Amino acid sequence: MPTFLISFVGLSLNNIESGCYSVGVNRLIAFSIAILVSAQSFAQAPLPSSPRRGPLMLGAAWYPEQWPESQWESDLALMEAAHINFVRVAEFAWSTMEPKEGDYQLDWLERAVRAAEKHHIAVVLGTPSAAPPAWLTQKYPETLRTKEDGRKDEHGNRQQFDWSNAKYRELAGKVAEKMAEKFGHDKNVVGWQIDNEYANESYGDATQKQFQDWLKKKYGSLDDLNRRWTTAYWSETYQDWSQIPIEERYGNPGLLLNWKEFVSDTWRGYQKIQLDAIRAHAEPRQIITTNMMGWFDAYDHYTVSQDLDFASWDNYVGSGHLDFVRNGATHDLTRGFLRKNFWVMETQPGFVNWHANNNSLDKGEVRAMAWHAIGHGSEAVEYWQWRSALNGQEQYHGVLVGADGTPVPLYDEVKQLGAEFEKAASVLAGTTVKSEVAVLNDYESRWAVNWQRHNRAYDPVNALVSYYGSLRALARSVDVVADTAPLDRYKLVVAPALNVLTPAAVKNLETYVRGGGHLVLGQRSGMKDADNSLYSQRQPGPLTELLGARVEQWYALEKDVPLEGDWGAGQGAMWAELIGVKAPDTKVLMRYGKSNGWLDGQPAAVTRKVGKGSITYIGAWLDDGERKKAAAWMLSESGVSVVMPEVPEDVEVSVREGEGRHVVILENFGDAKTIALPREMTDVLKGGTAKSVTLEKYGVGVFRY
Ligand code: GLA
Ligand code: GLA
């Protein structure tokens, strides 16, 4: 696969030139080939910018409908002074926009958009469907969702609607359409957010019927469904589609997985009505998203995001302080939904109001957290919310301006950030994160493991983040993508717990390895098929032949098991898979020490070369030390560059590339320290050039070369 080889040469060369070094083979000889390679071959793309939507946006969630118009001006003046260049408005303003059915009142919103414009503040419009008005609920009670216990939700909070209800979809679509008619050509409106944090399903009879119809369409015959779900088990066999229930947690695994897929498709369909309504009237420069919630998994985010122009998420720490590894993985997860730069559509101005202890982030931490997002490919950071509402459920939440309309202490920190964003915008324009390493995320696998963890401590997101963290600490950039995403751009692909392997994923992974890629499968991989049935081969199912080994048995562990081998000596926790080697050229990397007898001396990790590529299976939950060594081994085997290896562990390093530049962003989450840069770079925030940088705790450095 020549493109693959050429493009990976291209990237290592960049890194050699840029002062990063490469482990593994020396590829300098390939210089002449490398310059032919388009940088795009590795890119996750930047978002297209438009006149009022630049590459670095600072925003606030503003609720003009909650305040007398006479106060808008002072709010907007304070925003402008803090360099805030966009507001998101209207996402809960349905009762103000349509106080009676069909009576659309959008002139106040137009005045708000114009008032913002006077202060050079662009607008993202939210459609209000997460908060239906009382008249709607009263007149169309069928639009209220049915909770899991069979009771109806009610007015007085939000998200009380039924996402599968046709009437609700129609009414939500209409208000979106009215908004788009009015603002689709508005030059100060730069984008749209559909709804707000999709979350709640509905479990009523009408939804159940839709689910049954969805299954009928998918399986065609009940015989097929019964066979694929093994419904002979516990006499679950269905004689009629109408017998199929909704199960959220304890049902047949095939039923559970299909319900989640139905939920995902139904959110997609719900969203599509509003998307189409907006797109029919809006100029394409007004890009459309919905604000997602990181690792939240009530629906498959790849299914739902595919129709959007860009992905965004709401980044809350909640309690405690920023865990920059996990948070970084969440940014990368969001960037991976559409493999493009993304937005942080909401983040906490210091603290939230919904945790057990809503402590504030420290002074400086909010700014560091914002730069952390930018380092991972965000093009915007928006604070929720601008000003405390006088009443409503969130009176204690962090803000930038108090109910009295004057700044809280954090305002100055955000103002500093705003000034920095202005300085850095042109440097970051056209740049994105480019990775040689991908970690695979798969919703089916996460659901399947979570329904049957077998060891309650086993958390598939922790599994993913643990590999991610060790890999990122060396490579400084990792993509998190679906198991069906294009992989030929990566030197290394790691699938931490790819429990469900669909035929499309099998094909993708096999093609990748046979094309010279290096694939690492983690525990619990390749156990289930697309119906959440056990494969009739042992793990890793259809990839067993390629691996030349299989999992003979898995064990939930009561205590740690010793490990020894190429990655030194350490301990495995929680879960252990005993691997049986079948092919003579499959090499054992690690073995278990004395444990439950069954595992003693048996293979814990194996690898096999396949042409220029390889496939590796790790059956143990490695401790931190071993995982670091394993990560270094993976990078070395696959020829991935190690970037800025001397930087201490509590400093986050990110690199964005594009337009012939590299932007290196550093945040220090530990004590003050001086960090040597791998070459002389331009200091974007302070001016001049630097070969090293001294960072206080929560200090930030932005450099370009
Ligand atoms: C009980 C049930 C069996 C099976 C086992 C599993 O004994 O009778 O059908 O579910 O538990 O441990
Ligand atoms: C979510 C919602 C916002 C607000 C914040 C508070 O992200 O989208 O409307 O409730 O939480 O943290």
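The rules we used
Residues numbered from 1 in each chain as written. Chains lettered and ligands numbered in written order. Predicted model: local features only at pLDDT ≥ 70, side-chain atom pairs only at ≥ 80, totals over all residues. Heavy atoms only, no water. Pairing = 2+ DSSP bridges. Helix = DSSP H or I, 4+ residues; strand = E, 2+ residues; numbered from the N terminus. Axes fitted to C-alpha atoms, helices over the stretch in contact; angles between N-to-C directions. Salt bridge = Lys/Arg side-chain N within 4 Å of Asp/Glu carboxyl O. Buried < 20%, exposed > 50% of the residue type's maximum accessible area, 1.4 Å probe, protein only. Near = heavy atom within 4 Å. Polar contact = N/O pair within 3.5 Å; in protein donor to acceptor, adjacent residues only side chain to side chain. Areas by Shrake-Rupley, 256 points an atom, 1.4 Å probe, with all protein chains shown as cover. Nonpolar A, V, L, I, M, F, W, Y, C, P; charged D, E, K, R; others polar. 1 Å grid on protein atoms, 1.4 Å probe; cavity = no way out; pocket = protein on both sides within 12 Å on 5 of 7 lines; lining within 4 Å. Points joined across faces, edges and corners; volume = space filled by probe spheres on them. pLDDT = per-residue confidence, 0-100. Contact = heavy atoms within 4.5 Å. Core = buried A, V, L, I, M, F, W, Y, C linked by side-chain atoms within 4.5 Å. Parallel < 35°, antiparallel > 145°, perpendicular 65-115°, else oblique. Left-handed = near helix turned anticlockwise from the far one by under 90°.

1. Concerning the sheet that holds strand β27 (residues 700-704)
Ordered by their spatial adjacency, 5 strands build an open sheet running β23-β24-β27-β25-β26, and the pairing between neighbours is antiparallel. Whereas interior strands pair on both sides, the edge strands pair on one side only; in this sheet they are β23 (651-658) and β26 (689-695). For this sheet the average axis-to-axis angle between neighbouring strands, irrespective of direction, equals 20°. Alignment of strand β25 (residues 673-683) against β26, held across 6 bridges, turns out to be antiparallel. Bridged to T674 within β26 is T694.

2. Details of the pattern of salt bridges
Inspection of the entire model under this criterion finds 50 salt bridges. Put simply, E91 and R88 hold a salt bridge, and the shortest N to O gap is 2.7 Å. Here E91 and R88 have matching classes, each one buried. One salt bridge connects E170 with K167, and the closest N-O pair in it is separated by 3.3 Å. Residue E170 and its partner K167 are both found in helix α7 (residues 166-183); the two are separated by 3 residues, about one turn of the helix. Each member of the salt-bridge network shares a partner with another, and the members are R52, D107, E110, R114, E117, K182, D186 and K187.

3. Some details on the site of ligand 2
Around ligand 2 lies a shell formed by F92, R158, N196, E197, D314, Y316, E346, W354, W384, E394 and H397. In this structure, R158 approaches ligand 2 through a side-chain N or O atom, which is 2.7 Å from an oxygen atom. With respect to ligand 2, the side chain of E197 contributes an N or O atom lying 2.6 Å from an oxygen atom. Protein contact buries 96% of the 310 Å² of open area that ligand 2 shows by itself. The residue inventory of the shell around ligand 2, partitioned by class, reads 4 nonpolar, 2 polar and 5 charged.

4. Considering empty space enclosed by the protein
All chains considered together, the criterion is met by 4 cavities of 30 Å³ or more. By volume, the second largest cavity is sized at about 90 Å³. For the second largest cavity, the full set of lining residues is L440, N441, D442, S445, R446, P460, V461, L464, A495, P496, A497 and L498. Where the lining of the second largest cavity is concerned, the elements lending two or more residues are β11 (437-441), α15 (443-451) and α16 (460-475). No other element matches α16, which puts 3 residues into the lining of the second largest cavity. Its residues assigned to classes, the lining of the second largest cavity shows 8 nonpolar, 2 polar and 2 charged.

5. Observations concerning the confidence of the model for the protein chain
Interpretation of this model should avoid reading the predicted coordinates in detail wherever pLDDT is low. When pLDDT is averaged along the protein chain, the result is 94; 94% of the residues meet or exceed 70. Confidence drops under a pLDDT of 50 for residues 1-42, and excluding neighbours within four residues, the segment shows 63 contacts in the predicted structure.

6. Looking at the nonpolar core
Counting residues in each nonpolar core, the largest one holds 158 residues, and the members touching the most others are L109, W192, I244, W371, W386, L471 and M634. Ranked by residue count, the leading element in this core is helix α10 (residues 253-279), at 11 residues. Excluding its chain neighbours within four sequence positions, the residues that come into contact with W371 are L56, L417, E420, F421, A424, L428, I665, E667, L685, V700 and V702. L501, Y535, L546 and V610 belong to the second-largest nonpolar core, a separate cluster that totals 28 residues.

7. So, the packing of helix α5 (residues 107-118) against α7
Relative orientation of the contacting elements α5 and α7 amounts to 45°, with a least axis distance of 11 Å. Here α5 is positioned oblique relative to α7, judged by the angle of their axes. As α5 runs across α7, the sense of the crossing is right-handed. When α5 is examined against α7, the residues D107, L109, E110 and V113 are found in contact with a partner set consisting of M179, K182 and F183.

8. A closer look at the pairing of β25
In this antiparallel pair of consecutive strands, β25 and β26, the connection spans 5 residues, and G687 shows a positive phi of 85°. Summarising the sheet, β25 and β27 pair through 2 bridges and their orientation is antiparallel. Paired with D683 across the strands is F703, a residue of β27.

9. So, unusual backbone geometry
Cis peptide bonds are those with omega within 30 degrees of zero, and the linkage from W384 to Q385 qualifies with 0°. Here Q385 is to be found in the loop between β10 (378-383) and α14 (411-428). A cis amide bond links Q539 with the next residue in sequence, P540, at an omega value of 0°. If you trace the backbone, P540 turns up in the loop between β14 (518-521) and α18 (544-547). If you check the backbone angles, Q159 has positive phi at about 55° while not being a glycine. As for its position among the elements, Q159 is in the loop between α6 (134-139) and α7.

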